[in-house]
Amino acid sequence: MFCVDVAINLPVKSLFKQFTYSVPENMSFLDSGWRVIVPFGAQKTEGFVVRRRELADNLDKLKAVEAVLGDRPWFDEEMLATAQWLSEYYMCSLSEAMRLFVPGKTSIRRSAVRDEDGRLLYYRYEEKLKEKTVLAYKISQDGYAFLQTGNDKKQLQRQLEALRLFAEKKGWLSLQEVAAENISSSTVRTLAGKGLLEEGKKRILRNSYTDMLQPGNELLLNDEQKAAFKQISTAMTEGSGGSFLLQGITGSGKTEIYLRAAQQAIRQGQQVLVLVPEIALTAQLVKRFQSWFGDSVAVAHSKLSQNERGDVWHRMRTGQANILIGVRSAVFAPFARLGLVIMDEEHESSYKQEERPNYHARNVAVERCRHARAVLILGSATPDIETYQKALQGEYTHLRMTKRANGSELPRVEIVDMRLELQQRNFSVLSRALKQALVNTAADGEQAIVLLNRRGYSTFVMCRDCGASIVCPHCSVAMVYHSSNEDMRCHYCGNTMPVPAECPACHSKRIKFFGTGTQKAEQEIMALPEVRVLRMDQDSTMAKFAHAEILSRFAGGERNVLIGTQMVAKGHDIPNVTLVGVLSADSMLNLPDFRASERTFSLLTQAAGRAGRGSRQGHVIFQAYDADNQIIRLAARQDYDAFAVQELADRKELFYPPFAQMLKLTVWDEKEETALTLAQRAVNYLQGLQLQGELQDLVIMGPLPALVARVRDLYRFNILLKAKDMQPVKNALLNSEFKEQRNLYFDVDPLSVI
Ligand code: ADP
Ligand code: ZN
Ligand code: ZN
């Protein structure tokens, strides 16, 4: 008799352990990877079978598995292994890790099953979509043996060739696929007749390949692109995997490499996962893939309903689609035969989930590729410094493209010192140089992008008499005035309130707005002659397709200036943009976070990269108060390597990633005292272990109040841990009372340490 261990699919932190159930006779096929319904407490719930094992004892005490979901296991070996790794690495339960792979409860239909009194018994689950199959063949043991004998009779050549193909591809091949390799169906049947091939069934791939592979518009790769593609292509042919950092400046034509690699994967009968930071901002990339691969492209953005997501997953699993383009969570999609993963703009922070389990899609992708022997391409003009270091050390193959693909020049970058502007009594948020440049650009019929990384109208509201600024009653941050609704908003909790008529502290009526956000900058730019401005920030993109709509209105030339937050700096390729202005290039540099320089450098470089992608050279203006800052100067030169040398030296000296691994513990509570006490207890625990001679290379910083010490009435403290190898520290914490503490949160490899 055997039983199964089941991870319960409930979002409960304390469900670290699995539960054992007996298996009714009619489900004797059950094995790891299946989704099941099991009784759990008073309810019935979904679970994932983690393993099947023999049970010596009698099974009477065990509850039995109630029902099976679907007609095959949801998790294959590679997904199971990745989930297992994820739970250990990111310090979450196996079921939390596994439920990431399940698109809600939706590739299945659910209906309530009730007893005669109408009481709910359980839900019945059925797969929504049915698979189709075709005849397929696979090499048998005899076939392998036959190849081994080194038979070289002339009349057997064809058959040997065919056998070698089957040996190389290993899996099931349909006659259609074999025909694509110039092997006739009669050869295949002959081999099957001799028992050298097994005959079976294979799921049909509806929109499958060959005739689809005519690229929408064929560009000849330049030498740099050819060299980069060749290495990727070779790895793909060899089939043993491998990771590449494709470091190519903005406009160097990385997309062309992605497309060709994807094409090769499909020709090899494999599937492709393309990860992008945000679908809304990558409409161009999606279109490019669709023009090459038509219906075999499936898209998974974060606004898909659970149902739609379930359908997309199903198309990938069944091989009905070959290319999945999606955001972070698409890294968990099931594949029939994953051969290539492409991660565009791999440095983007949206690849990290900021809630539990706080995985990074890049790490997950690396892990999946390792198990699937798939090739991984990480693309960026400004790679994450940790990725870059791995490329330097040879863990990733380093591919570089240093020229713009269409021959256009990099933009000319100018740094404007805003202190001088003040001295010259220019109190506008726009420097004189930028104003002039905007006016000229508009007059020449060209377009401009202006970046200001603060939304709203003002950045704080303050009393002129007593200097008190108005803070959110629930968070320790200033309220931001928004002209669109003429109210103040908290950017942390969303709380809104009207601007008070008088100062709450001293009753003065002299309340004033300070600092400039996108709304106020928009107003100033609007006043310039011939300028028609469009704003893109969180406030103007609430609606479902607002991003794409704003970008396409701008690209279509309806407006000539686009102002907005970070999102205006990313990804798009609009040839008529010849001017880019960054209003406070140094604003992010002062954050007390060791990644401040890296973020600033990459944002400025990406922003500058939007200019002059057409035939005219671009012009970029960085406005800064700290105009001599080294990072800003390096960004102006677009010199990633010089930046990286300096940044890596600093990180090494200060023992930060990539030289250390980090773990952040955040503790919160309504009472400041309680939060601090718990945080201190965690620190004491770790220090205690150190006193016993364990965790010797661990560096403990904190507890420190979070930069915004209170959010939504909760006080927050951070503890930052650094170590060469964090695993022993994680283990120590998982073996302690802190593992299941409600008010304590682990962030493995935190992107933000404040
Ligand atoms: P990246 O993603 O590296 O910023 P893109 O892939 O968007 O760059 O390419 C930038 C521009 O260069 C696009 O307009 C693209 O069509 C063009 N391009 C890419 N490769 C070539 C090539 N080999 N010859 C001519 N133009 C190219
Ligand atoms: Zn006052
Ligand atoms: Zn608030």
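Preceding block: the structure.
## Some thoughts on the nonpolar core
Across soluble globular proteins, nonpolar side chains have a tendency to be buried as a group. Counting residues in hydrophobic clusters, the biggest one holds 77 residues, and the most contacted among them are Leu86, Leu324, Leu721 and Leu733. Among the elements that take part in this core, helix α20 (residues 672-691) stands out by supplying seven residues, more than any other. In contact with Leu86, not counting residues within four places along its chain, are Met91, Cys92, Ala97, Leu100, Phe332, Pro357, Tyr359 and Val364. Leu534, Ile550, Leu603 and Val620 belong to the second largest nonpolar core, which has 40 residues in total.

## Quick word on the coordination of the zinc ion (ligand 2)
Summarising the metal site, the zinc ion (ligand 2) is bound by the protein donors Cys463 (SG), Cys466 (SG), Cys503 (SG) and Cys506 (SG), whose distances to it range over 2.2 to 2.4 Å. The coordination sphere of the zinc ion (ligand 2) comprises four donor atoms, whose angles at the metal cover 106 to 113°; the geometry is tetrahedral. Since its relative accessible area comes to 1%, Cys463 is described here as buried.

## Examining helix α8 (residues 254-267)
The α-helix winds at 3.6 residues per turn, so residues separated by three or four positions along the chain end up facing the same way. Across its 14 residues, α8 extends 20 Å between first and last C-alpha, which sits within 8% of the 20 Å expected from 1.5 Å per residue. Of all 14 residues that make up α8, twelve are buried, and the element is covered over most of its length. Considered for burial, the residues of α8 that qualify are Lys254, Glu256, Ile257, Tyr258, Leu259, Arg260, Ala261, Ala262, Gln263, Gln264, Ala265 and Ile266. Gly269 sits one or two positions beyond α8 and adopts a positive phi of about 80°.

## Here's the deal with the packing of aromatic side chains
Counted under the stated rule, the structure contains 20 aromatic pairs. Relative to Tyr89, the ring of Trp85 lies with its centre 5.5 Å away and its plane at 20°, an arrangement referred to as stacked. On the criterion of helical spacing, the pair formed by Trp85 and Tyr89 is a turn pair, its members being four residues apart in helix α1 (residues 77-89). Owing to a relative accessible area of 18%, Trp85 belongs among the buried residues under this scheme. The exposure class of Tyr89 is buried, given its relative accessible area of 16%. Judged by centre distance (4.9 Å) and plane angle (70°), the ring pair of Tyr388 and Tyr640 falls under edge-to-face. Note that Tyr388 is positioned in helix α12 (residues 385-392) and Tyr640 in helix α19 (residues 640-654), a separation of 252 residues in sequence. Accessibility classification places Tyr388 together with Tyr640 in one group, the buried group. Among the aromatic residues, those joined into a cluster by ring pairs are Phe48, Phe75, Phe101, Phe332 and Tyr359.

What counts, and at which threshold
Residues numbered from 1 in each chain as written. Chains lettered and ligands numbered in written order. Predicted model: local features only at pLDDT ≥ 70, side-chain atom pairs only at ≥ 80, totals over all residues. Heavy atoms only, no water. Core = buried A, V, L, I, M, F, W, Y, C linked by side-chain atoms within 4.5 Å. Buried < 20%, exposed > 50% of the residue type's maximum accessible area, 1.4 Å probe, protein only. Helix = DSSP H or I, 4+ residues; strand = E, 2+ residues; numbered from the N terminus. Contact = heavy atoms within 4.5 Å. Donors = N, O, S within 2.8 Å, 3.2 Å for Na, K, Ca; no water. Tetrahedral: all angles 85-135°; square planar, octahedral: opposite > 155°, others 65-115°. Expected span 1.5 Å × (residues − 1). Phe/Tyr/Trp six-rings, centres within 6.5 Å; stacked < 30°, edge-to-face > 60°.

Take it as geometry only, folks, not as evidence of what the structure does.
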